[in-house]
Amino acid sequence: MKILIVIIIILALAVGLFIIFMNSGIYNVAATSEHGALTLKIIEVTKDNSIRKHAAGIEVPELTDSAMIAEGFAHFDEMCVICHGAAGIGKDAFAIGLYPEAPSLAEEGDEWTAPELFWITKHGIKLTGMPAIGDVHSDEEIWPIIAFLQVLPEMTYQEYMSMRQTGEQESAEPEEENSEDHGSHTH
Ligand code: HEC
């Protein structure tokens, strides 16, 4: 009985000290103040296991179609390269100051399976700069990005730039047709 009371007092003291710590402002939330080794380990283990568990059971569609890869490239080039960089392309200046930093997906992307990449891209990662794009993009729009991530590690700077050029040419053409279409409909 005595032991139980002692344990309760110790726990209450620990909670009390933690509340004082939280309110004191001592903890530095700056992105420039890096986590200690223990905190990093706790975050890494929790994150890796969470992603694996939540991605389990996601069914992967066929990801090798070249039109699908090209579509994924367009999304990646618009929404991901700014933070992650790719094939010799640097990230945007603002993304250099992110903590945790956004890893190169060409180098670290193959640590994850396709379902895991899909889950991360759709849901984002809490308390990091990694956004959830699933709020405004359907699964059918996200899978092409995952298809593109499968070929990204093998890609050279030249190949990346030539996909960008092809995309720009293609998007320039239909836009003109569309505006003509709209014109003829409204008349
Ligand atoms: C605003 C910056 C930002 C944008 C835009 C962004 N990400 Fe991220 N992403 C991050 C950060 C920061 C992390 C690291 C999170 C961490 O360490 O837990 C990350 C992590 C990831 C990871 C996990 C990689 C790993 O090994 O930890 C994947 C996969 C990923 N992002 C895919 C994407 C895709 C695909 C897009 C585009 C749809 C995208 N990200 C757009 C910031 C961004």
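For the structure, check the block above.
As the structure is a computational prediction, the values presented were derived from the model and not from experiment. (Residues numbered from 1 in each chain as written. Predicted model: local features only at pLDDT ≥ 70, side-chain atom pairs only at ≥ 80, totals over all residues.)

1. Observations concerning unusual backbone geometry
Right, on to step 1. At the junction of Tyr99 and Pro100, the peptide bond is cis and its omega measures out at 5° in the coordinates.
Right, on to step 2. Relative to the helices and strands, Pro100 is located in the loop between α5 (93–96) and α6 (105–108).
Right, on to step 3. Although it is not a glycine, Ala87 adopts a positive phi angle of roughly 35°.
Right, on to step 4. Relative to the assigned elements, Ala87 resides in the loop between α4 (81–84) and α5.
Right, on to step 5. Positive phi, normally seen in glycine, also occurs at Leu127, with a value near 60°.
Right, on to step 6. With respect to the element layout, Leu127 can be found in the loop between α7 (114–123) and α8 (139–151).
Right, on to step 7. Judged by local crowding, Leu127 falls into the exposed class, with 8 C-beta atoms found within 10 Å. (Helix = DSSP H or I, 4+ residues; strand = E, 2+ residues; numbered from the N terminus. Buried ≥ 20, exposed ≤ 12 C-beta atoms within 10 Å, placed from the backbone.)

2. Thoughts on the site of the ligand
Right, on to step 1. Near the ligand lie 26 residues; those nearest to it are Cys80, Cys83, Pro100, Ala102 and Met130.
Right, on to step 2. Of all the secondary structure elements, the ones that give two or more residues to the shell around the ligand are α4, α6 and α7. (Near = placed C-beta within 6 Å.)

3. Observations concerning α7
Right, on to step 1. Residues Leu117, Phe118, Trp119, Thr121 and Lys122 constitute the buried set of α7.
Right, on to step 2. Along its buried surface, α7 packs onto α2 (37–55) and α8.
Right, on to step 3. In the segment just after α7, Gly124 is the residue with positive phi, at about 70°. (Contact = placed C-beta atoms within 7 Å.)

4. Re the nonpolar core
Right, on to step 1. Counting residues in hydrophobic clusters, the biggest one holds 18 residues, and the most contacted among them are Phe76, Ile146, Phe148 and Leu149.
Right, on to step 2. Of all the secondary structure elements, the ones that give two or more residues to this core are α3 (66–79), α7 and α8.
Right, on to step 3. Per element, the largest residue contribution to this core is 6 residues, and it comes from α8.
Right, on to step 4. Leaving out residues up to four positions away in the same chain, Phe148 has contacts with Ile69, Gly72, Phe73 and Phe76. (Core = buried A, V, L, I, M, F, W, Y, C linked by C-beta atoms within 7 Å.)

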